[in-house]
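# A closer look at the structure
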Amino acid sequence: MSKSPIIAVIGGAIALSLATFQPAAAQSAGDQATDPTFQPDGQQENTRRSRSRHQRPNAPRAPQTPAAPVGPTPEELIVSAQAVATSAGVACQVTEAVALGMTEAQEAAYEAACGTGPGYILIAATPPQAVDCVLLAGQAANVRATDPEADVGQQCALPANQNAVAVIQAYATEAGVDCTVDQASAIGKTDDGNVMYEVRCQARDGYWLEKTATGWTTTACWELIGRRTTCRFTPAEVSYGAWKDILAGTTAAACDVQQTRLMGKDSANLTIYEIKCASGDGYLARVGADRRAQRVHTCAEAINIGGGCQIGVAPAATTEDAPAATAPTT
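Quick look at the structure, then. Because the structure is a prediction, the values reported are computed rather than measured. (Residues numbered from 1 in each chain as written. Predicted model: local features only at pLDDT ≥ 70, side-chain atom pairs only at ≥ 80, totals over all residues. Heavy atoms only, no water.)

## Some thoughts on the sheet that holds strand β4 (residues 129-132)
Spatially, β1-β2-β3-β4 is the arrangement adopted by the 4 strands of the open sheet, whose pairing is antiparallel. Every other strand in the sheet has two partners, leaving β1 (94-102) and β4 as the edge strands with one partner each. Taking the axes of each pair of neighbouring strands and ignoring which way they run, one obtains an average angle of 25 degrees across the sheet. In this sheet, strand β2 (residues 108-114) lies alongside β1 in antiparallel orientation, the contact comprising 7 bridges. For Val94, the partnering residue across the bridge sits in β2 and is Cys114. Lying over the sheet, helix α3 (residues 74-88) contacts β1, β2, β3 (120-123) and β4, oriented at roughly 90 degrees with respect to β1. On top of the sheet, helix α4 (residues 133-146) reaches β3 and β4; it is set at about 55 degrees to β4, its chief contact. (Pairing = 2+ DSSP bridges. Helix = DSSP H or I, 4+ residues; strand = E, 2+ residues; numbered from the N terminus. Axes fitted to C-alpha atoms, helices over the stretch in contact; angles between N-to-C directions. Contact = heavy atoms within 4.5 Å.)

## Brief notes about the side chain of Thr271
By the secondary structure assignment, Thr271 is in strand β10 (residues 271-277). For Thr271, the side chain forms a polar contact with the side chain of Lys265, separated by 3.0 Å. Discounting chain neighbours no more than four positions away, the residues touching Thr271 are Leu262, Gly264, Lys265, Ala285, Arg286 and Val287. (Polar contact = N/O pair within 3.5 Å; in protein donor to acceptor, adjacent residues only side chain to side chain.)

## Quick notes on the nonpolar core
Within soluble globular proteins, side chains that are nonpolar generally end up buried alongside one another. Within the largest apolar cluster, 38 residues are counted, with the highest numbers of intra-cluster contacts made by Ile168, Tyr197, Val199, Leu209, Trp222, Trp243 and Leu247. Non-local contacts of Val199, meaning those with residues more than four positions away in its chain, are made with Ile168, Val181, Gln183, Ala184, Gly206, Tyr207, Leu209 and Thr234. (Core = buried A, V, L, I, M, F, W, Y, C linked by side-chain atoms within 4.5 Å. Buried < 20%, exposed > 50% of the residue type's maximum accessible area, 1.4 Å probe, protein only.)

## Let's talk about the packing of aromatic side chains
If you walk through the whole model with that rule in mind, you get 6 aromatic pairs. Put simply, the rings of Tyr171, Tyr197 and Trp216 touch in pairs and so form one group of aromatic residues. (Phe/Tyr/Trp six-rings, centres within 6.5 Å; stacked < 30°, edge-to-face > 60°.)

## As for the sheet that holds strand β7 (residues 207-212)
Sheet architecture is open: 4 strands sit in the order β5-β6-β7-β8, paired in antiparallel fashion. Taken across any chain shown, the strands that pair with only one partner, and hence form the sheet edges, are β5 (181-189) and β8 (215-220). Strand-to-strand twist in this sheet, taken as the mean axis angle between neighbours without regard to direction, amounts to 25 degrees. In terms of strand pairing, β5 meets strand β6 (residues 195-201) through 7 bridges, oriented antiparallel. Paired with Gln183 across the two strands is Arg200, which belongs to β6. Packed onto the sheet, α4 meets β5 and β6 and runs at close to 80 degrees relative to β5. Sheet strands in contact with helix α5 (residues 164-174) are β5, β6, β7 and β8, and its direction is about 85 degrees off that of β5.

## Description of α3
With 15 residues, α3 ought to run about 21 Å at 1.5 Å a step, and its terminal C-alpha atoms sit 21 Å apart, in line with that. Those residues of α3 lying buried are Leu77, Ala81, Gln82, Val84 and Ala85. Taken end-on, α3 shows its buried residues confined to a sector of 165 degrees, consistent with a single buried face. The exposed set on the far side of α3, more than 90 degrees from its buried face, consists of Glu75, Val79, Thr86 and Ser87. Where α3 is buried, its residues meet β1, β2, β3 and β4. A positive backbone phi angle near 80 degrees is found at Gly89, which sits one or two residues after α3. (Expected span 1.5 Å × (residues − 1). Arc of directions from axis to C-beta.)

## Some words on the pattern of salt bridges
This model, assessed by the stated rule, comprises 4 salt bridges. For Glu274, the salt bridge goes to Arg261, with nearest N and O atoms at 2.9 Å. One end of the pair, Glu274, is in strand β10; the other, Arg261, is in strand β9 (residues 257-265), and 13 residues separate them in sequence. On the basis of relative accessibility, which here comes to 0%, the residue Glu274 falls in the buried class. Classification of Arg261 as buried rests on a relative accessible area of 13%. The partner of Asp266 in a salt bridge is Arg286, with the nearest N and O atoms 2.8 Å apart. (Salt bridge = Lys/Arg side-chain N within 4 Å of Asp/Glu carboxyl O.)

## A few points about the state of the cysteines
Within this structure, the stated rule accounts for 6 disulfides. Residue Cys179 pairs covalently with Cys201 via a disulfide, S to S 2.1 Å. Looking down the S-S bond of the Cys179 and Cys201 bridge, the torsion is -60 degrees, so its handedness is left-handed. With Cys179 in the loop between α5 and β5 and Cys201 in strand β6, the pair connects residues that are 22 residues apart, well separated along the chain. For Cys179, a relative accessible area of 9% gives the class buried. By relative accessible area, Cys201 is classed as buried at 4%. Across the disulfide, Cys299 is cross-linked to Cys309 (sulfur-sulfur distance 2.0 Å). Measuring handedness by torsion sign, the sulfur bridge of Cys299 and Cys309 sits at about -95 degrees and is left-handed. Here Cys309 lies in the segment after β12 (293-298) and Cys299 lies in the segment after β12, a separation of 10 residues in the sequence. (Disulfide = S-S within 2.5 Å.)

Below, the structure is given as structure tokens:
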């Protein structure tokens, strides 16, 4: 995970989402001027009258239907889109493609669905450009969360490209997250420019996934709460519930965690959290990379650790904890 959990709204590399594509224009005035069948309005009227005098009375007139423009076939669109995808360096075996029109720079644009992974908006620019449909959808969701009426630009529309959950499920599996994803989205970028995704898992805590140059890193939603950041899809009570597994086998195993605070790292590189239970009792938990508590301290024991507890209190002493009674001295 990058140093800061703060992420920016997706932009930059997918700024093409704001591009508009123009369909092929109808015959222009210049085209008409070079058309041998074209005549100015006045001449057309004179010609029509002249022809009408030579026609038989009541002779039927053949309907004049303009020839429909002939566009590329689906197979030709796939070939064209595949050429752009390959030139843009994306791993996409195009299975379906539609023409979106032309950019203002007269560059052909396509939407393509791929055999696996996300689809793309492809632009035959120099160099060719490919924009991930999952990232576009994530950007649109971020923008609309602020302004539901905002113009989010070009979005992917092929049914095969409405597959963000399936695509991000594959990312989660690759990242080692063992859960069934039922909601997911691209949510932004880190300070390092890495794309972040959020997943909600069925019946358990969710995660943020970060795609780095060396692979995937994951951050559980319970970790983010400790950093004063929240997951969009996973309710806080579900994330707090993850502490049951973290504290299992410790003296704080019975704690129903209601609040947490990240305190930092100790000399053994364990992450220290303060936790507050529903009872009001508090603990400091030293959590390892395996997301299990290695050591737990009551607030009374932790008074000299990182400033001690701030959100919880020391649990009341039990009979076993109380010092043994001694006979009065004489």
